[in-house]
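These are the residues of each chain, in order.
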Amino acid sequence: QVQLVESGGGLVQPGGSLTLACQASGTIFSANTLAWYRQAPEKQREWVARITPSLYPTYADSVRGRFTISRDNAKSTMYLQMNSLTPDDTGVYYCNVDYRNWGQGIQVTVSS
């Protein structure tokens, strides 16, 4: 059974930064495609970033240049470094592992 634990969320002011982490267990982490999604209040869940086992990253247009996805296979952990945050980045962020496994979500609030 795959378990995913997200951490690093919270409240930050516009222009600030946060780094999210997602630690996985019960999977061959190094072989998995990893991704972050988010869901803003009253909106649909949207894809944010993805990183492949070969370390190739892709980003949604809304976050490209501001967010960086990375992974540490030795720690079975994926990260999302978020810079220059705006209120539009507010929402619940979800870790996704191997396309089918989801974390419970972690709140990110960008507000002054």
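Residues numbered from 1 in each chain as written. Predicted model: local features only at pLDDT ≥ 70, side-chain atom pairs only at ≥ 80, totals over all residues. Heavy atoms only, no water.

Q: Requested: an account of the state of the cysteines, with residues and values cited.
A: Counted under the stated rule, the structure contains one disulfide. There is a disulfide in this structure between Cys22 and Cys95, and the S-S distance comes to 1.9 Å. With the S-S bond torsion at -75°, the cross-link from Cys22 to Cys95 turns out left-handed. Of this pair, Cys22 sits in strand E3 (residues 18–25) while Cys95 sits in strand E9 (residues 91–97), placing them 73 residues apart in sequence. Looking at Cys22, the relative accessible area reads 0%, which means it is buried. (Disulfide = S-S within 2.5 Å. Helix = DSSP H or I, 4+ residues; strand = E, 2+ residues; numbered from the N terminus. Buried < 20%, exposed > 50% of the residue type's maximum accessible area, 1.4 Å probe, protein only.)

Q: Can you tell me about the pattern of salt bridges, naming the residues and giving the values?
A: A full pass over the atoms with the stated rule returns five salt bridges. Residues Arg38 and Glu46 are paired through a salt bridge, measuring 2.7 Å at the closest nitrogen-oxygen approach. Judged by relative accessible area, which is 5%, Arg38 ranks as buried. Under the relative-accessibility criterion, Glu46 is labelled partly exposed at 33%. Measuring nitrogen to oxygen at the nearest pair gives 2.8 Å for the salt bridge that ties Asp89 to Arg66. (Salt bridge = Lys/Arg side-chain N within 4 Å of Asp/Glu carboxyl O.)

Q: Explain the packing of aromatic side chains residue by residue, including any values.
A: Following the criterion strictly, the structure yields one aromatic pair and no others. The ring of Tyr94 carries the charged tip of Arg45 above its face, separated from the ring centre by 3.8 Å. It is Arg71 that lies over the ring of Phe29; its NZ or CZ is 5.2 Å from the centre. (Phe/Tyr/Trp six-rings, centres within 6.5 Å; stacked < 30°, edge-to-face > 60°. Lys NZ or Arg CZ within 6 Å of the ring centre and 35° of its normal.)

Q: Provide a residue-level description of the pairing of E3, including the pertinent values.
A: As paired elements, strand E1 (residues 3–7) and E3 share five bridges and run antiparallel to each other. Looking at the pairing, Glu6 lines up with Cys22 of E3. Examined bridge by bridge, E3 and strand E8 (residues 77–82) share six bridges and lie antiparallel to one another. If you follow Ala21 over to E8, its bridge partner there is Tyr79. (Pairing = 2+ DSSP bridges.)

Q: Please set out the sheet that holds E3 residue by residue, giving values where relevant.
A: Spatially, the four strands line up as an open sheet ordered E1-E3-E8-E7, and their pairing is antiparallel. A strand with exactly one partner marks an edge of an open sheet, and here the two such strands are E1 and strand E7 (67–72). Taken over all neighbouring pairs, the strand axes of this sheet differ in orientation by 15° on average, direction set aside. (Axes fitted to C-alpha atoms, helices over the stretch in contact; angles between N-to-C directions.)

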